[in-house]
Amino acid sequence: MKSLAQGHVKMALTALRANRSRSFLTMLGVIIGVASVITVVGIGEGVKHQVNSQINKLGKDVIAVRAHNVSASEGQGIGVLSDFTVTTPLPESDYATVAGSRGVNVAVPFAIAGGQVKGDQTPTGEVVIGTTDQMPDLLKQDMAFGVFFSSDESDAHVAVLGERAAIRLFNENVPLGRTLNFRGQDFIVRGVFDTFEATPFSGQVDFNDAIFIPYGVAQDITSHTAALYEVLTKPNDPKATDQTVASIRARLLKSHGGQEDFSVLKSDQSLAATNAILDLLTKLIGGIAAVSLLVGGVGIMNVMLVSVTERMREVGIRKAVGATNRQIFVQFLVEAAVLSFVGAIIGIVVAGFGNLIIRILTNLQPVITWQIVLLATGVSMVVGVIFGLIPAVKAARKAPIEAFRNE
Amino acid sequence: MALLEIQDVSKLYGFGDATTLALDEVNLIIEKGEFVAVMGPSGCGKSTLMNIMGLLDKPSHGSYKLDGRNTERISPNQAAKIRRDTIGFVFQQFNLLPKMTVLENVALPLTYKNMTLTKRLKMASNMLERVGMQSREYFLPGQLSGGQIQCAAIARALVNNPKLLIADEPTGNLDSAGSRLIMELMSEIHRMGNTIIFVTHNPELTRYATRVVYMHDGTVVQDEKTALGQVAPTARRAMYNVARLSEEEALAGVSAVMRAVPTKPAKRTLKPTKKVTTKRKTKTTTRKGARS
């Protein structure tokens, strides 16, 4: 029996090799299906992985205070998406409130003041963020060149740039000591950040594009209208994160008059929300990709049916020399299975190349797990075999004499 | 015991008014070791008879015993196994699989016998050597001449060491050199003790046969023993007629060639007649309900 099975696979491979272009076209559906399923799920996994590692790098004890209420526990279905659509800034006073809460060690505000910024080049619209001196410590972010402003410089006109902002404004990597102009004020560039791998807790602003100035200065030059969109804090005792969250919430509730139009998130909570969205999206697109796998299966059936009709003479010859119906059936079924298997393998290779290209062209880092590879291969095999059944039965049932006559 | 025993076998095609009678109560017994030539105009049922003898087709009526076994009630699977183990086929169209090498083609019947690949290829190679084709083992059929392809087809038919070799117009697509090559090969196989039944339109080729069966309109009309190396008497008559063909007869084709053969069924005999009996003058009748 073993030798017969080997023979069938070998025979199937011979038959497929003999009709290279047709076999390839048949497999194309499966190739695209498998490749897209693996790539889409890989991207989803990769983004999740990136966000997770970012949070892990930050530490789990970072607490974010943000406008509007976002709760991961409500994060089911499409609601997760709509929760993120409204963002209104926090009142300026909230920074002091948060900083003064019990158990808070450091509090770092992030206030956005947009506007025209002029460096060497023509003025461009930039995101200017007012923050305090502890910011690099809290985010565990390194400087590429220069230093961040210190606590003494909270009123000084100094700026630190994200790496892309530096290039855009001054067309060079190290514009230390240069001057940029924002709202009629000159700022001296003190430092340039290393690449931010991802912007923590915020999808809106990429810190690589941002300009950082002292918080006090930002409020002064904007007449205290800079939008405070986030305050990041760290508790004194990492184990007491929950208590600190509670005390911050209590104080903010009091100052907001009992209206909970803000949210206090631990880093793992915000992670949960992000993961929920990513999972949903991955499932959605993965589902669409799976449909293309099914379409690939229909393609296999189609071509196998044509191939059976075309190869009736071969069926006749094989039967004449002693092939039983069962052997013919198995032959065509194995051919369909081999087609979809080879298609799946090529699909995996294509997905691998796609992965490489995505890594080169974007900052996404797709992760291909063996589970999804196995799943995609398995599903395509099952699809191939199921859709191979009908043509195989058709070939097997043909009486030998009819098979000869049917040309 | 006769190798092959056909009794009152009829074959009908179609339904109702469109029914055609391809075989009409044919009786034929073929002994082991015979080299039988079957002749007759196209559409006389030769191929249908070959298919029934080869278990590719089933008779509508009548019984067919192969090697003492009644084939009336066998399943398609059993028929496949008998084809595999007892019967070798050679076709006019050669019917080798074009995408496989000659060696793989010859090994094909063994594939269905659960044999290991090495053993299959070795046996196929031996068989190709026997038919003088060893140097062409790795050629594709498309790269060979007709005669060579047919040699390979014969090797394929013989690779299972069958008791019966059925050749349906094996020389039909070959030139005279190719025909001679194939016939010499078949007679050599016959000398080794195989039973061969072959269909031919060429009276000259009856030289190789030990017995000639003439068919017309689905019946056996003449059945005669012949000496090896001699054209059968009835066939010779047909052959000599060829020279005197008129233009219309040329258009009528093989039917005209066969006009020396009686069109009425011979007296039903289970044994072939020993004596040449045809004395009647016959003329070609129009074919009725004949099909290929």
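Residues numbered from 1 in each chain as written. Chains lettered and ligands numbered in written order. Predicted model: local features only at pLDDT ≥ 70, side-chain atom pairs only at ≥ 80, totals over all residues.

A. Focus on the overall build of chain B. Tallying secondary structure elements over chain B gives nine helices and ten strands in all. In chain B, which comprises 292 residues, the share counted as buried stands at 48%. Look at the contacts in chain B between residues 6 or more apart in sequence, and 70% of them connect residues 24 or more apart. (Helix = DSSP H or I, 4+ residues; strand = E, 2+ residues; numbered from the N terminus. Buried ≥ 20, exposed ≤ 12 C-beta atoms within 10 Å, placed from the backbone. Contact = placed C-beta atoms within 7 Å.)

B. A look at the overall build of chain A. Helix and strand counts for chain A stand at 13 helices and ten strands. Buried residues in chain A amount to 43% of all 407 residues. Across chain A, the fraction of contacts at a sequence separation of at least 24, relative to all contacts at a separation of at least 6, is 83%.

C. Focus on the nonpolar core. Counting 133 residues, the largest nonpolar core has A:V34, B:V106 and B:A155 as the members making the most contacts within it. The greatest single-element share of this core, amounting to 14 residues, is contributed by helix α11 (residues 325–361) of chain A. Look past the residues within four positions of B:A155 in its chain and what remains in contact with it is B:V106, B:M127, B:L128, B:V131 and B:M133. Residues A:Y95, A:A166, A:I213 and A:I221 belong to the second largest nonpolar core, which totals 55 residues. (Core = buried A, V, L, I, M, F, W, Y, C linked by C-beta atoms within 7 Å.)

D. View of the interface of chain A and chain B. Across the boundary between the two partners, chain A contributes 17 residues, which contact 22 residues of chain B. If one sorts the elements of the side of chain A that touches chain B by residue count, helix α1 (residues 2–18) of chain A sits on top with five residues. Considered class by class, the residues forming the side of chain A that touches chain B number eight nonpolar, seven polar and two charged. (Nonpolar A, V, L, I, M, F, W, Y, C, P; charged D, E, K, R; others polar.)

E. Geometry of the sheet that holds strand β7 (residues 164–167) of chain B. Residues and elements named next belong to chain B. Taken in spatial order, the six strands of this open sheet run β6-β7-β8-β3-β9-β10, and their pairing is mixed. Two strands lie at the open edges of the sheet, namely β6 (87–90) and β10 (219–225), each paired on one side alone. Averaged over all pairs of adjacent strands, the angle between their axes in this sheet comes to 15°, without regard to strand direction. In this sheet, β10 lies alongside strand β9 (residues 211–216) in antiparallel orientation, the contact comprising six bridges. Within β10, the position partnered with V212 by the bridge is E224. Contacting β3 (35–39), β7 and β8 (195–199), helix α6 (residues 176–191) runs over the sheet at an angle of about 155° to β8. (Pairing = 2+ DSSP bridges. Axes fitted to C-alpha atoms, helices over the stretch in contact; angles between N-to-C directions.)

F. Molecular detail of the sheet that holds strand β5 (residues 69–70) of chain B. All names here are of chain B. Within the open sheet, the four strands sit side by side as β2-β1-β4-β5. Their pairing is antiparallel. The sheet terminates laterally at β2 (20–30) and β5, the two strands that pair on one side only. The sheet contact formed by strand β4 (residues 61–66) and β5 spans two bridges and is antiparallel. The residue bridging L66 from the neighbouring strand is R69, located in β5.

G. Fine view of the environment of A:S23. Residues and elements named next belong to chain A. For S23, the position within the fold is in helix α2 (residues 20–58). Given 21 C-beta atoms within a 10 Å radius, S23 is considered buried. For the pair S23 and I300, spaced 277 residues apart in the sequence, the C-alpha separation amounts to 9.1 Å. What S23 contacts, discounting residues up to four positions off in sequence, is L16 and L339.

H. A look at the pairing of β3(B). All names here are of chain B. Burial of β3 is extensive: five of the five residues sit out of reach of the surface. The two faces of β3 match: F35, A37 and M39 on one face and V36 and V38 on the other face are all buried. Relative to β8, β3 runs parallel, the two sharing four bridges. If you follow V38 over to β8, its bridge partner there is V199. The pairing of β3 with β9 spans four bridges and is parallel. The residue of β9 that forms the bridge with A37 is V212.

I. Representation of the packing of α11(A) against helix α12 (residues 370–397) of chain A in the model. Residues and elements named next belong to chain A. In the contact formed by α11 and α12, the axes pass within 7 Å of each other and the chain directions differ by 150°. As judged from the angle between their axes, α11 and α12 are roughly antiparallel. In this structure, α11 meets α12 at a crossing whose hand is right-handed. Class assignment for the residues of the contact of α11 with α12 results in 22 nonpolar, seven polar and one charged. (Parallel < 35°, antiparallel > 145°, perpendicular 65-115°, else oblique. Left-handed = near helix turned anticlockwise from the far one by under 90°.)

J. Quick peek at the confidence of the model for chain B. Scored by pLDDT, chain B comes out at a mean of 82, with 81% of its residues at no less than 70. In the model output, the complex is listed with pTM 0.66 alongside ipTM 0.79. (pLDDT = per-residue confidence, 0-100.)

K. Local environment of the environment of B:V38. All names here are of chain B. Positionally, V38 belongs in strand β3. When the C-alpha positions of V38 and M215 are compared, they lie 7.3 Å apart, and in sequence the two are 177 residues distant. Once residues within four sequence positions are removed from consideration, V38 is found in contact with K46, I197, V199, V213 and M215.

L. Structural view of unusual backbone geometry. Located in the positive-phi region is A:N171, a residue other than glycine, with phi close to 55°. Its identity is not glycine, yet B:N161 carries a phi of approximately 55°, on the positive side. You can see B:N161 is positioned in the loop between α5 (146–158) and β7. What makes B:N161 exposed here is the crowd of 11 C-beta atoms within 10 Å.

M. Spotlight on the environment of B:V9. Its location among the elements puts B:V9 in strand β1 (residues 4–13). Discounting residues that sit within four places of it in the chain, B:V9 has contacts with B:L23, B:V26, B:I52, B:P59, B:H61, B:G62 and B:Y64.

N. Molecular detail of helix α1 (residues 46–53) of chain B. Within α1(B), eight of the eight residues are buried, leaving the element largely enclosed by the surrounding structure. Residues of α1(B) that are buried include every one of B:K46, B:S47, B:T48, B:L49, B:M50, B:N51, B:I52 and B:M53, and no others.

O. Broad picture of the confidence of the model for chain A. All names here are of chain A. On average, residues of chain A score 80 in pLDDT, and 89% of them reach the 70 mark or higher. Mean pLDDT across the elements of chain A bottoms out in helix α3 (residues 79–83) (47) and peaks in α11 (89). With pLDDT under 50 throughout, residues 70–86 is counted as low confidence; its partners more than four residues away or in other chains account for 20 contacts.

P. Region of the structure containing the packing of α5(B) against α6(B). Residues and elements named next belong to chain B. Two elements in contact, α5 and α6, have axes whose closest approach is 8 Å; the angle formed by their N-to-C orientations is 20°. Classified by the angle between their axes, α5 and α6 sit roughly parallel to one another. Note that α5 runs across α6; the crossing there is right-handed. Note on element contacts: α6 touches α5 through A177, G178, L181, I182, L185 and I189, opposite G146, G147, Q150, C151, I154 and L158.

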